[in-house]
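Observations on chain architecture
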Amino acid sequence: MTVTEERPVPGPSGDVADHLRTVTVKVRRFDPEVDAEPNWQSFEVPVEKGDRLLDALHQIKWYQDGSLTFRRSCAHGVCGSDAMRINGVNRLACKVLVKDLGDEILVEPIKGLPVLKDLIVDMEPFFEAYRSVKPFLIADGREPTRERLQSAEDRARFDDTTKCILCAACTTSCPVFWNDESYFGPAAIVNAHRFIFDSRDDGADERLEILNDKEGVWRCRTTFNCTDACPRGIEVTKAIQEVKRALIFRRG
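As the structure is a prediction and not an experimental result, all values here were calculated from the model. Along each chain, numbering runs from 1 in the same order as the chain's sequence is written. In view of the model being predicted, local features appear only for residues whose pLDDT reaches at least 70, and side-chain atom pairs are presented and counted only at 80 or more, with totals across whole chains, interfaces and linings using the full set of residues. The side-chain quantities take in all heavy atoms of the structure and omit both hydrogens and water.

1. Let's talk about the confidence of the model for the protein chain
Note: pLDDT gives the predictor's confidence per residue, expressed from 0 to 100. Mean pLDDT over the protein chain stands at 92; residues scoring 70 or higher make up 92%. Every residue in residues 1–5 is under pLDDT 50, and counting partners more than four places away or in other chains gives two contacts. Here a residue-residue contact requires only that any non-hydrogen atoms of the pair lie within 4.5 Å. Low pLDDT, under 50, characterises residues 10–14; the predicted model gives this stretch four contacts beyond four residues in sequence or across chains.

In structure tokens:
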């Protein structure tokens, strides 16, 4: 059975208004069937103190304009589907509190990927780059006779980059990616890092050669936008630098 959550909206009596405030949410909208160019639309949205931006977007879609289009799934910062530009910064809508955003909130799709409608972008170029770095364990066909063991120290070597949820917040915050759609982007490099430094993997040289391409790690300009945008706190720029060092010092 599907249960639809309904939230109280303040009425003339004011009995609900005591714990609500109203914010203006300006959404950059685009419907390819009717719009030649994107346009801004403003909504006055009642929110509670603990509301996240995703709650405000639900208020708009459920009670004001059902045509508003955006991705969301778990709503708990795990799936990464609701990445968007919020007041000019890439964030997950489900993790950002409205109270921290001011009385006027600007919401846009993430940059550098084709906009399909409103806040939804075409993620295929992002996933194409991700797949190209072979983000899986490569063991040269050696079938183990027992579990592939790994020390806690070896596991810690790549622990940070296992946290990626493929939200694209890092890649679409990168100025290089905005201007060069061929650049692999930070997320692909992070996911290559996760296996390059895995002691159980035999594909490090193959991945390093892929990232040694002119559109690979050497395109990074170390602006730290990617690190600042990551909702999981991954040290993205540090991971990219470690891959660069591995390329420089790898055995000939």
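2. Focus on the packing of helix 5 (residues 186–196) against helix 8 (residues 236–249)
Helix packing geometry: the angle between the two helix axes and the distance between the axes. Lines are fitted to the C-alpha atoms to define the axes, a helix being fitted only along its stretch in contact, and any angle between axes, read from their N-to-C directions, falls within 0 to 180 degrees. Helix numbers and strand numbers start at the N terminus; a helix is a DSSP run of H or I with at least 4 residues, a strand a run of E with at least 2. Relative to each other, helix 5 and helix 8 sit at 60°, their axes nearing to 9 Å. By the angle between their axes, helix 5 is oblique relative to helix 8. Both helix 5 and helix 8 take part in a crossing whose hand is left-handed. The residues of helix 8 that touch helix 5, namely those facing P186, I189, V190, H193 and I196, are V236, A239, I240, E242 and V243. Taken together, the residues that form the contact of helix 5 with helix 8 break down as eight nonpolar, one polar and one charged. Oblique is the label for any angle not under 35 degrees, not over 145, and not in the 65 to 115 range, which are roughly parallel, roughly antiparallel and roughly perpendicular in turn. Here a crossing is taken to be left-handed if its near helix is turned anticlockwise relative to the far helix by less than a right angle, and right-handed if that turn runs clockwise. Any residue outside Ala, Val, Leu, Ile, Met, Phe, Trp, Tyr, Cys, Pro, Asp, Glu, Lys and Arg is labelled polar, Gly included; the first ten of those are nonpolar and the last four are charged.

3. Digging into a nonpolar patch on the surface
Here, patches come from residues exposed beyond 30% relative accessible area and free of salt bridges, joined within 9 Å for like charges and within 5 Å for nonpolar side chains (Val, Leu, Ile, Met, Phe, Trp, Tyr). Surface accessibility follows the Shrake-Rupley procedure with a 1.4 Å probe radius. Residue values consider only the protein chains on display as shielding. Whenever Lys or Arg places a side-chain nitrogen within 4 Å of a carboxyl oxygen from Asp or Glu, that contact is recorded as a salt bridge. Together, W218, I248 and F249 line one region of the surface with nonpolar side chains, adding up to about 370 Å² of accessible area. Looking at the secondary structure, you find F249 in helix 8.

4. Describing the packing of aromatic side chains
Each Phe, Tyr or Trp ring, with Trp reduced to its six-membered ring, pairs with another whose centre is within 6.5 Å; inter-plane angles below 30 degrees give stacked pairs, above 60 give edge-to-face pairs, and intermediate values give tilted ones. Inspection of every chain in the model, using the stated rule, returns two aromatic pairs. Taking the centre distance of 5.2 Å and the plane angle of 75° together, the rings of F126 and F127 count as edge-to-face. Look at F126 and you get buried, because its relative accessible area is 5%. Taken together, a centroid distance of 6.4 Å and an interplanar angle of 80° make the contact between F127 and Y130 edge-to-face. With F127 and Y130 both in helix 2 (residues 124–132), this residue pair falls three residues apart, about one helical turn. Exposed residues in this analysis have more than 50% of their type's maximum accessible area, buried residues have under 20%, and partly exposed residues fall in between, with area computed by a 1.4 Å probe over protein chains only.

5. Considerations on the side chain of T237
Tracing the backbone through its elements, the reader meets T237 in helix 8. When neighbours within four sequence positions are excluded, T237 is seen to be in contact with T222, F224, C226 and T227.

6. Focus on the pattern of salt bridges
Throughout the structure, instances matching the rule amount to 16 salt bridges. When the shortest N-O distance is used, the salt bridge between R85 and E108 registers 3.9 Å. On the criterion of sequence distance, the pair formed by R85 in strand 3 (residues 83–86) and E108 in strand 5 (residues 104–108) is long-range, its members being 23 residues apart. Considered together, R85 and E108 belong to a single accessibility category, that of buried residues. The closest approach of N and O atoms between D160 and K163, which form a salt bridge, is 3.5 Å.

7. Quick look at the environment of V217
Structurally, V217 is set in the loop between helix 6 (204–211) and helix 7 (225–229). Considered as a pair, V217 and K117 are 100 residues apart in the sequence and their alpha carbons are 31 Å apart. Aside from chain neighbours lying at most four places away, what touches V217 is I189, L211, I240, V243, K244 and L247.

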